[in-house]
Amino acid sequence: MSAVLLAFACALAYGFGDYFGGLATRTSPLFKVLPITVGTGLVSLLIAAPFLGADFNREAVTAGLSAGLFGVIGYIFVLKSLGLGPMGAVAPITALVAVIIPFSVGLFRGERLTVTGSIGALLAMASIVMVSRSTVDATHPLTKAAAIYAVFGGFGFAGFLLSVGSAPIGSGLSPVITARTLSMVIFCVTALVLWKSMAGKPVDAKRAMASGALDVWGGTTFMLASQRGQLVIISVIAALYPAITVLLARIFLKERLERHQVVGLYGAGIAVVLLTIS
């Protein structure tokens, strides 16, 4: 039960983090937002480290470096795919790849689901696609390049989750601290290179900081969940985070939900219940 709760906390953290991050990037240059986002997350981890522990052993640091690299790759390819669009088509591809890979790894390790759990997992995957997909912005067709970038973006995020999940028990926060440090260096260097094109443009620092503080605990709770439960269950629950983001946008931004998105939200709720009792 603790693993399921941690996986759900991961979905909440990523869902809220994406909501605030999305708002920040609407009015601010991306590479002005990312260093603030990543930096805030790193600071929050360093503050929490004395209380939660951080053992920088070789395995933990290796897992963190791998997670940081995969996370950056995920960011780059997802942003590229969203730029080619349409967003309503590429977002479900990324989300589905990001859940199928950890789920498959869990099965390969010998983890098995009950019939109830299997139904819940399939329903969750279908719900992820329905919630993420929007036809509102489908003003141009999905290109082969956009689809390929979306798949690689999903690979990147799946690699991040698997990497932090591979850290040895007792590592504390060291894997996510290492991952964030690497991401911070890469994004800050990129921001310096692009600074001339961004200078003078405003940045929504408050929302960027909120996104960073929430996003980093998504990775932390997933790592803790993977140490306590089956990857085939926690990866699917954690991957339901788009439902949280969509729900927040509906409540606070009054964004209209399409019929299939509403169905997806209900499906996500039912899937969590089925996976919890399996």
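Look up: the structure comes first, before these words.
As the structure is a prediction and not an experimental result, all values here were calculated from the model. Within any chain, residue numbers begin from 1 and follow the written order of that chain's sequence. Whole-chain, interface and lining totals are the exception, using all residues; otherwise, since this is a predicted model, local features are given only for residues with pLDDT of at least 70 and side-chain atom pairs are given and counted only at 80 or more. Neither water nor hydrogens contribute to the side-chain values; these are computed over all heavy atoms in the structure.

What about the overall build of the chain?
In step 1: Counting from the N terminus, the helices are the DSSP runs of H or I reaching at least four residues and the strands are the DSSP runs of E reaching at least two. From N to C terminus, the chain includes 12 helices and zero strands.
In step 2: When the elements of the chain are put in sequence order from the N terminus, they spell out α-α-α-α-α-α-α-α-α-α-α-α.
In step 3: Across its three principal axes, the chain shows a C-alpha extent of roughly 55 × 50 × 35 Å.
In step 4: Each of the 278 residues in the chain was classed as buried or not, and the buried ones make up 48%.
In step 5: In what follows, residue pairs with any heavy atoms lying within 4.5 Å of each other are defined as contacts. A fraction of 93% describes how many contacts in the chain between residues 6 or more apart in sequence connect residues 24 or more apart.
In step 6: To measure how exposed things are, a 1.4 Å probe is used in the Shrake-Rupley method; for residues, cover is taken only from the protein chains shown. Summed over all atoms, the accessible surface of the chain reaches about 13000 Å², with 72% contributed by carbon and sulfur. Think of it in three bands: residues with accessible area under 20% of the maximum for their type are buried, residues over 50% are exposed, and the middle band is partly exposed, with areas taken using a 1.4 Å probe on protein chains only.

Observations regarding the nonpolar core
In step 1: Remark: nonpolar core denotes a set of buried residues (Ala, Val, Leu, Ile, Met, Phe, Trp, Tyr, Cys) joined through side-chain atoms within 4.5 Å. Among the nonpolar cores identified, the biggest contains 50 residues, and Phe222 and Val236 are the most heavily contacted of them.
In step 2: For this core, the leading source of residues is helix H10 (residues 231-238), giving seven residues.
In step 3: With sequence-adjacent residues up to four places away left out, Phe222 is seen in contact with Cys10, Leu161, Val164, Leu231, Ile234, Ser235 and Ala238.

With respect to the side chain of Asn57
In step 1: Among the secondary structure elements, Asn57 is positioned in the loop between helix H2 (30-52) and helix H3 (58-84).
In step 2: Within the local environment of Asn57, its side chain forms a polar contact with the backbone nitrogen of Ala60, the two atoms lying 2.8 Å apart.
In step 3: Residues within four places of Asn57 in sequence aside, it is in contact with Pro168 and Ser171. Residues adjacent in sequence count toward polar contacts only when both atoms are side-chain atoms; beyond that, a polar contact is any pair of N or O atoms within 3.5 Å, and within protein one must be able to donate a hydrogen and the other to accept it.

Quick notes on the environment of Arg58
In step 1: Residue placement: Arg58 occurs in helix H3.
In step 2: Spatially, the C-alpha atom of Arg58 lies 9.8 Å from that of Ala167, the residues being 109 residues apart in sequence.

Some thoughts on the packing of H2 against helix H9 (residues 205-226)
In step 1: To define axes, lines are fitted to C-alpha atoms, for helices over the stretch in contact only, and angles between the resulting N-to-C directions are given on a 0 to 180 degree scale. For the pair H2 and H9, the least separation of the axes is 7 Å and the interaxial angle reads 50 degrees. Regarding the angle of H2 to H9, the classification is oblique. Relative to H9, H2 is oriented so that their crossing is right-handed. In contact with Val33, Ile36, Thr37, Thr40, Gly41, Ser44, Leu45, Ala48 and Leu52 of H2, H9 contributes Ala205, Ala208, Met209, Ser211, Gly212, Ala213, Val216, Trp217 and Thr220.
In step 2: Residue polarity follows a fixed list, in which Ala, Val, Leu, Ile, Met, Phe, Trp, Tyr, Cys and Pro are nonpolar, Asp, Glu, Lys and Arg are charged, and the others, Gly among them, are polar. Here the residues of the contact of H2 with H9 sort into 11 nonpolar, seven polar and no charged. Each angle is binned into one of four classes, with values under 35 degrees roughly parallel, values over 145 roughly antiparallel, values of 65 to 115 roughly perpendicular, and all other values oblique. By definition, any crossing whose near helix is turned counterclockwise from its far helix by less than a right angle is left-handed, and any crossing with a clockwise turn is right-handed.

Regarding the pattern of salt bridges
In step 1: What makes a salt bridge here is a side-chain nitrogen of Lys or Arg within 4 Å of a carboxyl oxygen of Asp or Glu, nothing more. Per the counting criterion, the structure on display carries two salt bridges.
In step 2: In this structure, the salt-bridge partner of Asp204 is Arg207, at a minimum N-O distance of 2.9 Å.

Details of the packing of aromatic side chains
In step 1: We call Phe, Tyr and Trp rings a pair once their centres come within 6.5 Å, taking the six-membered ring for Trp, and we label the pair stacked below 30 degrees between planes, edge-to-face above 60, and tilted otherwise. On inspection of all chains with the given rule, the structure shows nine aromatic pairs.
In step 2: Relative to Phe252, the ring of Tyr19 lies with its centre 6.3 Å away and its plane at 45 degrees, an arrangement referred to as tilted. Of the two residues, Tyr19 sits in helix H1 (residues 2-27) while Phe252 sits in helix H11 (residues 241-252), which places them 233 residues apart along the sequence.
In step 3: Relative to Phe187, the ring of Tyr75 lies with its centre 5.5 Å away and its plane at 85 degrees, an arrangement referred to as edge-to-face. Of the two residues, Tyr75 sits in helix H3 while Phe187 sits in helix H7 (residues 174-193), which places them 112 residues apart along the sequence.

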